[in-house]
Amino acid sequence: MDELLGAAAAAIAALTELTGHPPETAEQDGLLTLKADPSRVPAEHWHRLVAVLETGTSYGMTTTAAGASIVWLRIELGETTRP
């Protein structure tokens, strides 16, 4: 469990560094979801952003109704391992 919390803290720190703002976080049913605005990430750092997203159990990018892009990742906080 400490390893998962460490991974979550590392992802939060990396997203904060890349975007200049802490990600939005929400925890529900053993999943921690992080959301961030990728528009502030310079093109030359997108590989770093993708690497952070890949640390999640699942991840993606979505567009809001207002047309803004949001990247997100979910980290399982339970005992389940990633396939």
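Residues numbered from 1 in each chain as written. Predicted model: local features only at pLDDT ≥ 70, side-chain atom pairs only at ≥ 80, totals over all residues. Heavy atoms only, no water.

(A) A look at the overall build of the protein. Counting its secondary structure elements, the protein contains two helices and four strands. Going from N to C terminus, the protein has its helices and strands arranged as α-β-β-α-β-β. Taking all 83 residues of the protein together, the buried fraction comes to 29%. Looking at the protein alone, contacts between residues at least 24 apart form 47% of all its contacts between residues at least 6 apart. Accessible surface, the protein: about 5300 Å² in total, of which carbon and sulfur atoms supply 55%. (Helix = DSSP H or I, 4+ residues; strand = E, 2+ residues; numbered from the N terminus. Buried < 20%, exposed > 50% of the residue type's maximum accessible area, 1.4 Å probe, protein only. Contact = heavy atoms within 4.5 Å. Areas by Shrake-Rupley, 256 points an atom, 1.4 Å probe, with all protein chains shown as cover.)

(B) Molecular detail of the sheet that holds strand S2 (residues 31-36). Spatially, S1-S2-S4-S3 is the arrangement adopted by the four strands of the open sheet, whose pairing is antiparallel. Among the strands making up the open sheet, the edge pair consists of strand S1 (24-28) and strand S3 (58-63). Direction aside, the axes of adjacent strands within the sheet are offset by 20° on average. For S2 and strand S4 (residues 69-76), the ladder comprises six bridges, and the chain directions are antiparallel. The residue bridging Leu34 from the neighbouring strand is Leu73, located in S4. Contacts from helix H2 (residues 46-53) reach S3 and S4 within the one sheet, and its direction differs from that of S4 by about 35°. (Pairing = 2+ DSSP bridges. Axes fitted to C-alpha atoms, helices over the stretch in contact; angles between N-to-C directions.)

(C) Quick peek at the packing of aromatic side chains. Within the structure shown, the criterion is met by zero aromatic pairs. For the cation-ring pair, Arg74 lies above Trp72, with the distance from its terminal atom to the ring centre recorded as 4.4 Å. (Phe/Tyr/Trp six-rings, centres within 6.5 Å; stacked < 30°, edge-to-face > 60°. Lys NZ or Arg CZ within 6 Å of the ring centre and 35° of its normal.)

(D) Up close: the pairing of S3. Pairing geometry for S3 and S4, over six bridges, is antiparallel. Each bridged residue has a counterpart across the sheet, and for Ser58 the counterpart in S4 is Arg74. What sits between S3 and S4 in their antiparallel hairpin is a turn of five residues, with Gly67 showing a positive phi close to 95°.

(E) Summary view of the nonpolar core. Counting 16 residues, the largest nonpolar core has Ala11, Leu15, Leu34, Leu49, Val52, Leu73 and Ile75 as the members making the most contacts within it. Residue assignment for this core shows that the elements contributing at least two residues are helix H1 (2-19), S2, H2 and S4. Of all the elements, H1 adds the most residues to this core, at five residues. Look past the residues within four positions of Ala11 in its chain and what remains in contact with it is Leu34, Val52, Thr55, Leu73 and Ile75. (Core = buried A, V, L, I, M, F, W, Y, C linked by side-chain atoms within 4.5 Å.)

(F) Focus on the side chain of Thr19. Considering the arrangement of structural elements, one finds Thr19 in helix H1. Within the structure, Thr19 has its side chain in polar contact with the backbone oxygen of Leu15 (distance 2.7 Å). Polar side-chain contacts of Thr19 include one of 2.8 Å to the backbone oxygen of His21. The residues contacting Thr19, other than those within four sequence positions of it, are Ala36, Asp37, Arg40 and Val41. (Polar contact = N/O pair within 3.5 Å; in protein donor to acceptor, adjacent residues only side chain to side chain.)

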